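A look at the structure
Okay, here's what each chain looks like letter by letter:
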Amino acid sequence: MNISSLQKARYEYTPKLPGMLRNGISEICVKEGGATQSVADQEKIQALFPNTYGKSEITFQKGENTSEARTHKVGVILSGGQAPGGHNVICGLYDALKATNKENELYGFKGGPSGLLEDDYVIFDDAFIDEYRNTGGFDIIGSGRTKLETSEQFAVVAEVCKKHGITAVVIIGGDDSNTNAGVLAEYFAANNTGVQVIGCPKTIDGDLKNEDIECSFGFDTATKTYSEIIGNIQRDANSAKKYWHFVKVMGRSASHVALECALKTQPNICLVSEEVAEKKMSLSQIADYIADSVAKRAAKGMNFGVAIIPEGVVEFVPEFSVLIHEINELLAGSKADAFNALPTWADKYAFIEKGLTKESMEVFAILPEAIQQQLFLERDPHGNVQVSLIESEKLFSALVKDKLDARKAEGTYTGKFGALHHFLGYEGRCAFPSNFDADYCYSLGYNAFMLIQYGYNGYLSKVSNLSAPANEWVAGGMPITKMMNIERRHGEDKPVIKKALVELDGAPFKYFEAHRDEWAENTCFVYPGAIQYYGPAEVCDITTVTLALEQA
Ligand code: FBP
């Protein structure tokens, strides 16, 4: 197999573990904290999780390992979108499991949760694992978005575990997958299967975090990768001085990725979806806000700039959500056939004009035609508009152009405006994990096995104190039920891990808010450059600005 010299070098990299896990398996003991409670809706969550609710927080310490000596077969799955470091979670899990007992085995179920349902697996050995150490991607076993959530599915998983003698399942996933890990753990306990479930917090979006989970893995590497590219674009913009670049970054439900990239690169504009929702901003107001920056810079002779747009922002614009809802209604059921049968876009437009309320039609009318068509043509299997496919970077640049044209007509703007568009998403999800993610992920996996060895069920592998050097990280576990509350999902009350959105009174947003006016008007670009894997710790090992500000 041909591999790059970096890949070869990364095979040799030894991930750093938290101090308390460094002394060898025989010297890791457990300290149990007090009983826990869910963050909200305690009675309801307790009633739903009678076997796994209220368990203690766990911290590992240096001391005699008192766990029961038994052979373990562990199953692992990767669930949802790729995130750098997933391979290292599996490597850490494998190394801890083998260091404990050579007879222990690790089964990797292929293609995400469906691998568990279809009993499609590999059994890892040293040669297999060694090819994936410190590499990006989820290709070691693949991932998938099948949801493990029904009792029928749980019964199948229990059968598969029984068939192979699997004693524990590790689920590497985001908030939904770990919610389901908690429900599966309860099912296993209630049915006396003897199988444990441990979750690991993954997602580049950074929206699986709370008072216990300081960050999800992959966020560090993905945002460093995007920031490198944004910095390069900024330098190009500052060299050529003729384009405004609209850069959309991934992050469907939260703007952590956009905000972190902005904190690293200091662009002229960064939209934060949570603020858009809080201030109930309209598309027109957002366009004016960006156009103001364009105009102020143009007045100083700078007809260039960079704007970061979070992937999910349009869903946070109240008037846009109403429009989407009305379009879904307008084309519900057989009405879609009547619409599709109309021969021209003009006919379709007339149909839309008749079906939407006046307010929604006003919003629809200001959209560029390409976006209007996207709303009607690209629909999911249920017939709903696929908001994630909307090219919001193009939408906003078109709206800004309209605003500037109007200002030109009024004589209040005389600059030039040429826009270019970028979408940074998949580029960052499988990058070689930064040293932080390589270390963090390996520790999460290693730690997950320690939780298994000590018999815990329904826990999330927890590694904290992450802005300190790895030696000072704290390893342990937190009951998944502690992170749950009840939310209305698809018309039903469900116990779920709360998704973490950007907090507008949190330190990262406050820092951004305090500096953005200056960044909007002047050129304060920062060029972070590529992720460095070898060199001084202050260049290679520091994590995100978000975490540094949150923990300052
Ligand atoms: P997870 O929440 O599963 O980690 O995935 C998040 C994400 O990376 C988003 O940022 C992006 O919108 C989405 O995945 C894309 O999903 P897909 O890989 O299915 O196209």
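Our structure's up above, just so we're on the same page.
Read on for a plain summary of the structure.

What counts and how
Residue positions are given per chain, counting from 1 as you read along its sequence in written order. In view of the model being predicted, local features appear only for residues whose pLDDT reaches at least 70, and side-chain atom pairs are presented and counted only at 80 or more, with totals across whole chains, interfaces and linings using the full set of residues. Hydrogens are left out, water is left out, and the side-chain values use all remaining heavy atoms of the structure. A run of H or I in DSSP becomes a helix once it reaches four residues, and a run of E becomes a strand once it reaches two; helices and strands are each numbered from the N terminus. Atoms counted for the radius of gyration: C-alpha only. Globule rule: 2.2 Å times residue count to the power 0.38. Between buried and exposed lies partly exposed: a residue is buried under 20% and exposed over 50% of the maximum accessible area for its type, with that area taken using a 1.4 Å probe on protein chains only. Any two residues having at least one pair of non-hydrogen atoms within 4.5 Å are treated as being in contact. By the counting scheme adopted, Arg and Lys are positive, Glu and Asp are negative, and His together with the chain ends is not counted. Here the site of a charge means atom NZ of a Lys, CZ of an Arg, CG of an Asp or CD of a Glu. Definition of a polar contact: a pair of N or O atoms within 3.5 Å, with one able to donate and the other able to accept a hydrogen when the atoms are protein atoms, and with sequence-neighbouring residues admitted only if both atoms are side-chain atoms. Salt bridge, as applied in this entry: a Lys or Arg side-chain nitrogen positioned within 4 Å of an Asp or Glu carboxyl oxygen. Only a single heavy atom is needed: when it lies within 4 Å of a molecule or strand, its residue is near that molecule or strand. Here the open area of atoms and residues is found with the Shrake-Rupley method and a 1.4 Å probe, where only the protein chains shown may cover a residue. Polar here means any residue other than Ala, Val, Leu, Ile, Met, Phe, Trp, Tyr, Cys and Pro, which are nonpolar, and Asp, Glu, Lys and Arg, which are charged; Gly is therefore polar. Pairing between strands requires that DSSP locate at least two bridges from one strand to the other. Axis geometry follows a simple rule: fit a line to the C-alpha atoms, using only the stretch in contact for helices, then measure angles between N-to-C directions, giving values from 0 to 180 degrees. Take the buried residues of types Ala, Val, Leu, Ile, Met, Phe, Trp, Tyr and Cys, join any two whose side-chain atoms come within 4.5 Å, and each joined set is a nonpolar core.

A few words on the overall build of the protein chain. Across its full length, the protein chain carries 23 helices and 15 strands. Relative to the 2.2 N^0.38 estimate, which gives 24 Å for 552 residues, the radius of gyration of the protein chain is 25 Å and therefore close to what a compact globule would have. Projected onto its principal axes, the C-alpha coordinates of the protein chain cover approximately 80 × 60 × 50 Å. For the protein chain, buried positions account for 57% of its 552 residues. Residue pairs in contact within the protein chain that sit at least 24 positions apart in sequence constitute 78% of those at least 6 positions apart. Computing the positive centroid from 53 side-chain charges and the negative centroid from 73, the protein chain places the two 3 Å apart.

What follows deals with the side chain of Asn 65. Inspection of the secondary structure puts Asn 65 in the loop between strand E2 (56-62) and strand E3 (73-78). Under the relative-accessibility criterion, Asn 65 is labelled buried at 16%. Side chain to side chain, Asn 65 and Tyr 454 meet in a polar contact 3.0 Å long. Look past the residues within four positions of Asn 65 in its chain and what remains in contact with it is Ile 25, Ser 26, Glu 27, Ile 28, Met 450, Gln 453 and Tyr 454.

Turning our eyes to something else, we now look at the pattern of salt bridges. Oppositely charged side chains can form a pair if their charged atoms are brought close together. The full count for this structure, using the stated rule, is 31 salt bridges. For Lys 16, the salt bridge goes to Asp 439, with nearest N and O atoms at 3.1 Å. Note that Lys 16 is positioned in the loop between helix H1 (5-11) and strand E1 (28-35) and Asp 439 in helix H20 (residues 435-453), a separation of 423 residues in sequence. The salt bridge involving Asp 130 is made with Arg 133; its shortest N-O contact spans 2.8 Å.

Near the ligand lie 13 residues; those nearest to it are Gly 81, Asp 205, Glu 311, Tyr 426 and Arg 429. The separation between an oxygen atom of the ligand and a polar side-chain atom of Lys 202 is 3.0 Å. Coverage of the ligand by the protein chains reaches 80% of its 480 Å² of free accessible surface. Residue classes in the shell around the ligand are distributed as three nonpolar, four polar and six charged.

Right, let's get into the sheet that holds strand E12 (residues 459-464). Here nine strands make up an open sheet; going across it, the order is E1-E2-E13-E12-E7-E6-E3-E4-E5 and the pairing mixed. A single partner strand is all that each edge strand has here, and the edge strands are E1 and strand E5 (121-123). Sheet twist, expressed as the average angle between the axes of neighbouring strands with direction ignored, equals 25 degrees. The pairing of E3 with strand E6 (residues 168-173) spans five bridges and is classified as parallel. Its bridge partner being in E6, Val 74 is matched across the sheet by Ala 168.

Let us now look at the sheet that holds strand E9 (residues 269-270). With parallel pairing, the four strands of this open sheet are ordered in space as E9-E10-E8-E11. If you trace the sheet from one side to the other, it starts and ends with E9 and strand E11 (419-424), each paired once.

Attention now goes to the nonpolar core. Counting residues in hydrophobic clusters, the biggest one holds 83 residues, and the most contacted among them are Phe 60, Ile 90 and Phe 124. When residues of this core are assigned to their parent elements, the largest contribution, eleven residues, is made by H20. If we ignore the near neighbours within four places in the chain, the residues touching Ile 90 are Val 76, Leu 78, Leu 106, Phe 124, Ile 129, Ile 140, Ile 141 and Ile 172.

Now for the environment of Ile 290. Note that Ile 290 resides in helix H11 (residues 283-299). With 107 residues separating them in the primary sequence, Ile 290 and Ser 397 have C-alpha atoms 8.9 Å apart. Not counting residues up to four positions away in its chain, the partners in contact with Ile 290 are Phe 246, Ile 269, Phe 396 and Val 400.

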